[in-house]
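For reference, the chains in residue letters:
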Amino acid sequence: MNELQKAYNILSKKKTRDEFKTMKEIAQDLLKAYNKAINDLLIELLERAEYTDVCFYKYENGKLKDCETEDGTEFQAGDGSDDGETITGYWVGEDIGGILVINEEWSIKPEILKQAVELKTANIHDVFDYYDYEYEETEKQRPVLTFKNWYKLDHKKPFPFAIN
């Protein structure tokens, strides 16, 4: 029986004090699984761009501490070299799955992360490029393509031969 079914079974009958505790634990487990899945999307896109060292952090008692992926509201990623590029980011309001701010420049929605991962070849830099495109089109008051459609058009392979 999966976690959602357990939660439904508990919610659909009278509850004892122990069942409320179990229901709370199930809700916490579901939230942790969701948070991990969202942060795993981010990790996938970072790794595709060769940011292999990804660390997550969260605030505890006013201090930023290392933590597991599912608890991480802030991250830092690097390419593993001493002088390489580093990317940092955080979930606004410590709300994993809300708005992700990267390098104090990009505000990214989780749906874009999901679409990018589904494309199998897109990486975090493609997401940044998409947000540049979206900004430019919005400024010109033109319709904006979805990330998937934009990516497919932007990464279209040219014909191997010229047609005159």
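So, how was this worked out
- Residues numbered from 1 in each chain as written.
- Predicted model: local features only at pLDDT ≥ 70, side-chain atom pairs only at ≥ 80, totals over all residues.
- Heavy atoms only, no water.
- Pairing = 2+ DSSP bridges.
- Helix = DSSP H or I, 4+ residues; strand = E, 2+ residues; numbered from the N terminus.
- Axes fitted to C-alpha atoms, helices over the stretch in contact; angles between N-to-C directions.
- Buried < 20%, exposed > 50% of the residue type's maximum accessible area, 1.4 Å probe, protein only.
- Phe/Tyr/Trp six-rings, centres within 6.5 Å; stacked < 30°, edge-to-face > 60°.
- Contact = heavy atoms within 4.5 Å.

Trainee: In this structure, what is going on with the sheet that holds strand β1 (residues 53–60)? I would like to understand it.
Mentor: By way of backbone hydrogen bonds, the strands of a sheet pair with one another, either parallel or antiparallel. Taken in spatial order, the six strands make up an open sheet running β2-β1-β3-β4-β5-β6, and their pairing is antiparallel. Bordering the open sheet on either side are β2 (63–66) and β6 (106–108), each of which pairs with just one other strand. In this sheet, neighbouring strand axes are inclined to one another by 25° on average, regardless of whether the strands run parallel or antiparallel. The pairing of strand β4 (residues 86–91) with strand β5 (residues 100–102) spans three bridges and is antiparallel. Looking at β5, one finds that Trp91 is bridged to Leu100.

Trainee: Would you mind showing me how to read the pairing of β4 here?
Mentor: Side-chain direction in a regular strand flips from residue to residue, so the side chains alternate between the two faces of the sheet. Covered by surrounding structure in β4 are Ile87, Gly89 and Trp91 only, the residues Thr86, Thr88 and Tyr90 on the alternate face being uncovered. In this structure, strand β3 (residues 74–78) lies alongside β4, joined through five bridges in antiparallel fashion. Looking at β4, one finds that Ala77 is bridged to Ile87.

Trainee: Got a minute to help me understand unusual backbone geometry in this structure?
Mentor: In terms of backbone geometry, most residues other than glycine have negative phi values and most peptide bonds are trans. Backbone geometry at Lys120 places phi at a positive 70°, although glycine is not the residue there. Among the structural elements, Lys120 can be located in the loop between α3 (110–118) and α4 (124–139). One non-glycine residue with positive phi stands out, namely Gln141, at about 55°. Assignment of secondary structure puts Gln141 in the loop between α4 and α5 (147–154).

Trainee: How do you make sense of the packing of aromatic side chains when you look at a structure like this?
Mentor: Between two aromatic rings, the relevant description is the distance of the centres plus the angle of the planes. Tallied over the entire structure, the rule returns nine aromatic pairs. Here the aromatic rings of Tyr130 and Tyr133 are separated by 5.8 Å at their centres, their planes lie at 45°, and the arrangement is tilted. Linking Tyr130 with Tyr133, this pair stays in helix α4, spanning three residues, or about one helical turn. Taking relative accessible area as the criterion, Tyr130 reaches 4% and is therefore assigned buried. Note on Tyr133 and Trp150: the rings are 6.1 Å apart at their centroids and 25° apart in plane angle, and the pair reads as stacked. With a gap of 17 residues between them, Tyr133 in helix α4 and Trp150 in helix α5 connect regions that are remote in the sequence.

Trainee: What exactly am I supposed to notice about the pairing of β3 here?
Mentor: Alignment of β1 against β3, held across five bridges, turns out to be antiparallel. Its bridge partner lying in β3, Tyr57 is registered against Glu74.

Trainee: I would appreciate a short explanation of the environment of Gly72 in the present structure.
Mentor: Counting through the fold element by element, Gly72 comes out in the loop between β2 and β3. The exposure class assigned to Gly72 is buried, which follows from its relative accessible area of 0%. Separated by 13 residues in sequence, Gly72 and Tyr59 place their C-alpha atoms 8.9 Å apart. With sequence-adjacent residues up to four places away left out, Gly72 is seen in contact with Asn39, Phe56, Tyr57, Cys67, Trp91 and Ile96.

All quantities given are derived from atomic positions and should not be read as evidence of function.
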